[in-house]
Amino acid sequence: EAGVTQFPSHSVIEKGQTVTLRCDPISGHDNLYWYRRVMGKEIKFLLHFVKESKQDESGMPNNRFLAERTGGTYSTLKVQPAELEDSGVYFCASSQDWGGSPYEQYFGPGTRLTVT
Amino acid sequence: AQTVTQSQPEMSVQEAETVTLSCTYDTSENNYYLFWYKQPPSRQMILVIRQEAYKQQNATENRFSVNFQKAAKSFSLKISDSQLGDTAMYFCAFMRLYSGGGADGLTFGKGTHLIIQP
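The rules behind the values
Residues numbered from 1 in each chain as written. Chains lettered and ligands numbered in written order. Predicted model: local features only at pLDDT ≥ 70, side-chain atom pairs only at ≥ 80, totals over all residues. Heavy atoms only, no water. Contact = heavy atoms within 4.5 Å. Buried area = accessible area lost by both parts, 1.4 Å probe. Salt bridge = Lys/Arg side-chain N within 4 Å of Asp/Glu carboxyl O. Polar contact = N/O pair within 3.5 Å; in protein donor to acceptor, adjacent residues only side chain to side chain. Helix = DSSP H or I, 4+ residues; strand = E, 2+ residues; numbered from the N terminus. Nonpolar A, V, L, I, M, F, W, Y, C, P; charged D, E, K, R; others polar. Phe/Tyr/Trp six-rings, centres within 6.5 Å; stacked < 30°, edge-to-face > 60°. Buried < 20%, exposed > 50% of the residue type's maximum accessible area, 1.4 Å probe, protein only. Disulfide = S-S within 2.5 Å.

Observations regarding the interface of chain B and chain A
Argument step 1. Opposite the 21 residues of chain B that make contact, chain A presents 20 residues.
Argument step 2. Of all residues in chain B, the largest losses of buried area upon contact with chain A belong to Q44, F108 and K110 of chain B, amounting jointly to 27% of the total for that side.
Argument step 3. One can count zero salt bridges joining chain B with chain A.
Argument step 4. Put simply, chain B and chain A have four residue pairs in polar contact (both at pLDDT 80 or more) between them.
Argument step 5. If you list the elements that add at least two residues to the side of chain B that touches chain A, you get strand 5 (32–39), strand 6 (46–52) and strand 10 (88–96) of chain B.
Argument step 6. Among the elements that line the side of chain B that touches chain A, the one with the most residues is strand 5 of chain B, at four residues.
Argument step 7. When grouped by side-chain class, the residues that make up the side of chain B that touches chain A number 13 nonpolar, five polar and three charged.

Spelled out as C-alpha coordinates, the structure:
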(Lines give C-alpha, C1' and ligand atoms only; values in the text may rest on other atoms or scores of the structure.)
Protein backbone atom coordinates (compact mmCIF):
# COMPACT_ATOMS: atom_id res chain seq x y z
CA GLU A 1 0.00 0.00 0.00
CA ALA A 2 1.38 3.39 -0.99
CA GLY A 3 2.02 5.88 1.77
CA VAL A 4 1.27 9.58 1.79
CA THR A 5 2.99 11.30 -1.11
CA GLN A 6 3.74 14.97 -1.65
CA PHE A 7 4.79 16.90 -4.69
CA PRO A 8 7.11 18.64 -5.29
CA SER A 9 9.75 17.61 -2.80
CA HIS A 10 11.39 21.01 -3.06
CA SER A 11 10.30 24.31 -4.54
CA VAL A 12 12.25 27.54 -4.86
CA ILE A 13 10.25 30.58 -5.88
CA GLU A 14 10.62 34.33 -5.76
CA LYS A 15 8.64 36.56 -3.46
CA GLY A 16 5.33 37.42 -5.06
CA GLN A 17 5.06 34.25 -7.11
CA THR A 18 2.48 31.50 -6.68
CA VAL A 19 3.19 27.95 -5.62
CA THR A 20 0.88 24.95 -5.37
CA LEU A 21 1.74 22.00 -3.20
CA ARG A 22 0.03 18.68 -3.63
CA CYS A 23 -0.67 15.85 -1.21
CA ASP A 24 -2.00 12.39 -2.03
CA PRO A 25 -3.20 10.67 1.15
CA ILE A 26 -3.34 6.95 1.75
CA SER A 27 -6.26 5.53 -0.20
CA GLY A 28 -9.42 5.42 1.88
CA HIS A 29 -8.23 7.88 4.51
CA ASP A 30 -10.95 10.42 5.13
CA ASN A 31 -8.86 12.74 7.28
CA LEU A 32 -6.18 14.88 5.69
CA TYR A 33 -4.04 17.39 7.56
CA TRP A 34 -1.56 20.06 6.52
CA TYR A 35 1.26 21.17 8.81
CA ARG A 36 4.19 23.55 8.41
CA ARG A 37 7.59 23.71 10.05
CA VAL A 38 9.39 26.99 9.83
CA MET A 39 13.15 26.83 10.48
CA GLY A 40 13.91 26.46 14.19
CA LYS A 41 10.29 26.37 15.25
CA GLU A 42 7.64 23.81 16.03
CA ILE A 43 5.64 21.95 13.44
CA LYS A 44 2.37 23.90 13.30
CA PHE A 45 -1.06 22.67 12.32
CA LEU A 46 -2.58 24.47 9.35
CA LEU A 47 -5.86 22.73 8.56
CA HIS A 48 -7.84 19.52 8.58
CA PHE A 49 -10.12 18.05 5.91
CA VAL A 50 -12.68 15.36 6.50
CA LYS A 51 -13.31 14.04 3.03
CA GLU A 52 -13.78 17.17 0.92
CA SER A 53 -14.90 19.43 3.77
CA LYS A 54 -12.71 21.70 5.85
CA GLN A 55 -13.16 20.56 9.43
CA ASP A 56 -10.74 23.04 10.97
CA GLU A 57 -8.71 25.74 9.26
CA SER A 58 -7.79 27.67 12.39
CA GLY A 59 -4.08 27.30 11.71
CA MET A 60 -4.05 28.90 8.28
CA PRO A 61 -1.81 31.96 8.65
CA ASN A 62 -3.66 34.34 6.32
CA ASN A 63 -5.74 34.56 3.18
CA ARG A 64 -2.74 34.08 0.93
CA PHE A 65 -3.10 30.37 1.68
CA LEU A 66 -5.84 28.37 -0.03
CA ALA A 67 -6.37 24.67 0.50
CA GLU A 68 -8.66 22.41 -1.46
CA ARG A 69 -9.43 18.73 -1.49
CA THR A 70 -11.03 17.63 -4.71
CA GLY A 71 -13.60 14.87 -4.32
CA GLY A 72 -12.14 13.92 -0.98
CA THR A 73 -9.02 12.51 -2.57
CA TYR A 74 -5.84 14.53 -3.07
CA SER A 75 -5.37 17.99 -1.65
CA THR A 76 -3.61 21.11 -2.83
CA LEU A 77 -2.25 24.02 -0.86
CA LYS A 78 -1.72 27.19 -2.84
CA VAL A 79 0.29 30.14 -1.62
CA GLN A 80 -0.41 33.33 -3.54
CA PRO A 81 1.49 35.62 -3.44
CA ALA A 82 4.35 33.97 -1.56
CA GLU A 83 6.26 35.94 1.06
CA LEU A 84 9.69 35.28 2.57
CA GLU A 85 8.17 34.09 5.85
CA ASP A 86 6.32 31.32 4.03
CA SER A 87 9.58 29.41 3.65
CA GLY A 88 9.60 26.11 5.50
CA VAL A 89 8.68 22.48 5.18
CA TYR A 90 5.03 21.69 4.53
CA PHE A 91 3.87 18.30 5.72
CA CYS A 92 0.72 16.46 4.84
CA ALA A 93 -0.72 13.64 6.93
CA SER A 94 -3.74 11.38 6.64
CA SER A 95 -5.67 9.10 8.94
CA GLN A 96 -8.62 6.75 8.77
CA ASP A 97 -12.17 7.77 9.56
CA TRP A 98 -13.26 7.90 13.16
CA GLY A 99 -14.55 4.36 13.15
CA GLY A 100 -11.14 2.93 12.37
CA SER A 101 -7.91 3.94 13.99
CA PRO A 102 -8.20 7.67 13.44
CA TYR A 103 -5.65 8.80 15.88
CA GLU A 104 -2.59 7.60 14.02
CA GLN A 105 -1.60 10.08 11.39
CA TYR A 106 0.63 8.94 8.55
CA PHE A 107 2.94 11.64 7.31
CA GLY A 108 4.26 12.42 3.87
CA PRO A 109 7.91 13.33 3.25
CA GLY A 110 7.16 17.04 3.14
CA THR A 111 7.68 19.79 0.58
CA ARG A 112 10.52 22.18 1.31
CA LEU A 113 9.47 25.63 0.14
CA THR A 114 12.08 28.34 -0.23
CA VAL A 115 10.93 31.86 -1.02
CA THR A 116 13.73 34.20 -2.14
CA ALA B 1 -4.85 26.20 23.65
CA GLN B 2 -2.39 23.41 24.22
CA THR B 3 1.39 23.71 24.38
CA VAL B 4 4.06 21.03 24.22
CA THR B 5 7.58 21.60 25.49
CA GLN B 6 10.66 19.54 24.73
CA SER B 7 13.53 20.99 26.73
CA GLN B 8 16.35 18.97 25.16
CA PRO B 9 17.22 20.27 21.68
CA GLU B 10 19.90 17.59 21.22
CA MET B 11 21.08 14.46 22.99
CA SER B 12 23.87 12.05 22.25
CA VAL B 13 24.40 8.58 23.75
CA GLN B 14 26.45 5.51 23.01
CA GLU B 15 24.95 2.54 21.23
CA ALA B 16 23.25 0.06 23.59
CA GLU B 17 22.70 2.71 26.28
CA THR B 18 19.30 3.74 27.56
CA VAL B 19 18.14 7.28 26.88
CA THR B 20 15.13 9.26 28.08
CA LEU B 21 13.65 12.17 26.16
CA SER B 22 11.52 14.58 28.12
CA CYS B 23 8.24 16.20 27.18
CA THR B 24 5.83 18.31 29.16
CA TYR B 25 2.53 19.71 28.02
CA ASP B 26 -0.08 22.12 29.18
CA THR B 27 -3.79 21.65 28.68
CA SER B 28 -7.10 22.07 30.46
CA GLU B 29 -8.57 19.18 28.50
CA ASN B 30 -9.24 15.78 30.00
CA ASN B 31 -9.69 13.73 26.85
CA TYR B 32 -6.60 13.52 24.70
CA TYR B 33 -3.85 11.40 23.23
CA LEU B 34 -0.10 11.87 23.40
CA PHE B 35 2.35 10.67 20.80
CA TRP B 36 6.03 10.36 20.08
CA TYR B 37 6.96 10.65 16.44
CA LYS B 38 10.38 9.93 14.95
CA GLN B 39 11.84 11.52 11.82
CA PRO B 40 15.07 9.86 10.65
CA PRO B 41 17.41 11.93 8.48
CA SER B 42 15.82 12.61 5.08
CA ARG B 43 12.93 10.30 5.80
CA GLN B 44 9.27 10.55 6.67
CA MET B 45 7.98 11.04 10.16
CA ILE B 46 6.64 7.84 11.70
CA LEU B 47 4.71 7.08 14.86
CA VAL B 48 6.79 5.54 17.64
CA ILE B 49 4.30 5.20 20.44
CA ARG B 50 0.88 6.45 21.56
CA GLN B 51 -0.68 6.98 24.98
CA GLU B 52 -4.37 7.49 25.69
CA ALA B 53 -4.83 9.96 28.54
CA TYR B 54 -7.53 7.86 30.19
CA LYS B 55 -5.16 4.90 30.54
CA GLN B 56 -3.00 4.78 33.64
CA GLN B 57 -0.77 2.04 32.29
CA ASN B 58 2.26 3.33 30.43
CA ALA B 59 2.45 2.36 26.76
CA THR B 60 5.32 0.17 25.53
CA GLU B 61 6.43 -0.83 22.05
CA ASN B 62 9.41 -3.16 22.10
CA ARG B 63 12.43 -1.05 23.14
CA PHE B 64 10.31 2.10 23.45
CA SER B 65 8.29 2.96 26.53
CA VAL B 66 6.78 6.05 28.03
CA ASN B 67 6.46 7.44 31.52
CA PHE B 68 3.10 9.18 31.53
CA GLN B 69 2.45 11.36 34.57
CA LYS B 70 -0.95 12.91 33.94
CA ALA B 71 -1.08 15.10 37.03
CA ALA B 72 2.36 16.47 36.29
CA LYS B 73 1.55 16.73 32.55
CA SER B 74 4.72 14.89 31.71
CA PHE B 75 5.25 12.34 28.93
CA SER B 76 8.82 11.11 28.60
CA LEU B 77 10.09 8.53 26.12
CA LYS B 78 12.59 5.88 27.14
CA ILE B 79 14.60 4.05 24.51
CA SER B 80 16.33 0.94 25.80
CA ASP B 81 19.32 -0.74 24.16
CA SER B 82 19.65 2.15 21.72
CA GLN B 83 20.65 1.36 18.15
CA LEU B 84 22.32 3.39 15.41
CA GLY B 85 19.00 3.40 13.55
CA ASP B 86 17.41 5.29 16.42
CA THR B 87 19.29 8.42 15.34
CA ALA B 88 16.54 10.87 14.40
CA MET B 89 14.50 13.89 15.41
CA TYR B 90 11.92 12.92 18.00
CA PHE B 91 8.75 14.94 18.35
CA CYS B 92 6.31 14.84 21.21
CA ALA B 93 2.75 15.65 20.14
CA PHE B 94 -0.67 16.26 21.74
CA MET B 95 -4.08 15.57 20.24
CA ARG B 96 -7.33 16.80 21.79
CA LEU B 97 -10.30 14.50 21.29
CA TYR B 98 -13.86 15.70 20.70
CA SER B 99 -16.60 14.29 22.90
CA GLY B 100 -18.67 13.27 19.88
CA GLY B 101 -15.81 11.63 18.02
CA GLY B 102 -13.00 13.14 16.03
CA ALA B 103 -9.97 15.07 17.09
CA ASP B 104 -7.93 18.21 16.58
CA GLY B 105 -4.77 18.31 14.54
CA LEU B 106 -1.56 17.59 16.40
CA THR B 107 0.26 20.11 18.57
CA PHE B 108 3.98 19.43 18.43
CA GLY B 109 6.99 20.23 20.56
CA LYS B 110 10.14 21.63 18.93
CA GLY B 111 11.77 18.23 18.81
CA THR B 112 14.86 16.56 20.23
CA HIS B 113 17.69 15.56 17.91
CA LEU B 114 18.91 12.21 19.21
CA ILE B 115 22.28 10.95 18.06
CA ILE B 116 23.35 7.38 18.75
CA GLN B 117 27.13 7.07 18.67
CA PRO B 118 28.77 3.77 17.66
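A closer look at the packing of aromatic side chains
Argument step 1. The tally for this structure, following the rule as stated, stands at 16 aromatic pairs over all chains.
Argument step 2. On the numbers, 6.2 Å between centres and 25 degrees between planes, the contact of Y33 of chain A with Y35 of chain A is stacked.
Argument step 3. Y33 of chain A gets classed as buried once you look at its relative accessible area, which sits at 0%.
Argument step 4. On the basis of an interplanar angle of 85 degrees and a centroid distance of 5.6 Å, the ring pair of Y35 of chain A and F108 of chain B is categorised as edge-to-face. Here the residue Y35 of chain A occupies a position in strand 4 (residues 31–37), and F108 of chain B occupies one in strand 11 (residues 107–108), the pair thus bridging two chains. The residues Y35 of chain A and F108 of chain B share a single accessibility class, namely buried.
Argument step 5. Of the aromatic side chains, those joined through ring pairs into one cluster are Y33, Y35, F45 and F107 of chain A together with Y33, F35, Y37, F91 and F108 of chain B.

Considering the state of the cysteines
Residues and elements named next belong to chain A.
Argument step 1. Applying the stated criterion across every chain yields a total of two disulfides over all chains.
Argument step 2. Across a sulfur-sulfur distance of 1.8 Å, C23 and C92 are joined as a disulfide pair. Because the sign of the S-S torsion sets the handedness, a value of about -60 degrees for the bond joining C23 and C92 places this disulfide among the left-handed ones. Of the two residues, C23 sits in strand 3 (residues 19–24) while C92 sits in strand 9 (residues 88–95), which places them 69 residues apart along the sequence.

A look at the side chain of S11 of chain A
Residues and elements named next belong to chain A.
Argument step 1. Turning to its location among the elements, S11 is positioned in strand 2 (residues 10–13).
Argument step 2. For S11, a relative accessible area of 11% corresponds to the buried category.
Argument step 3. Ignoring sequence-local partners within four residues, the contact set of S11 consists of V19, R112, L113 and T114.

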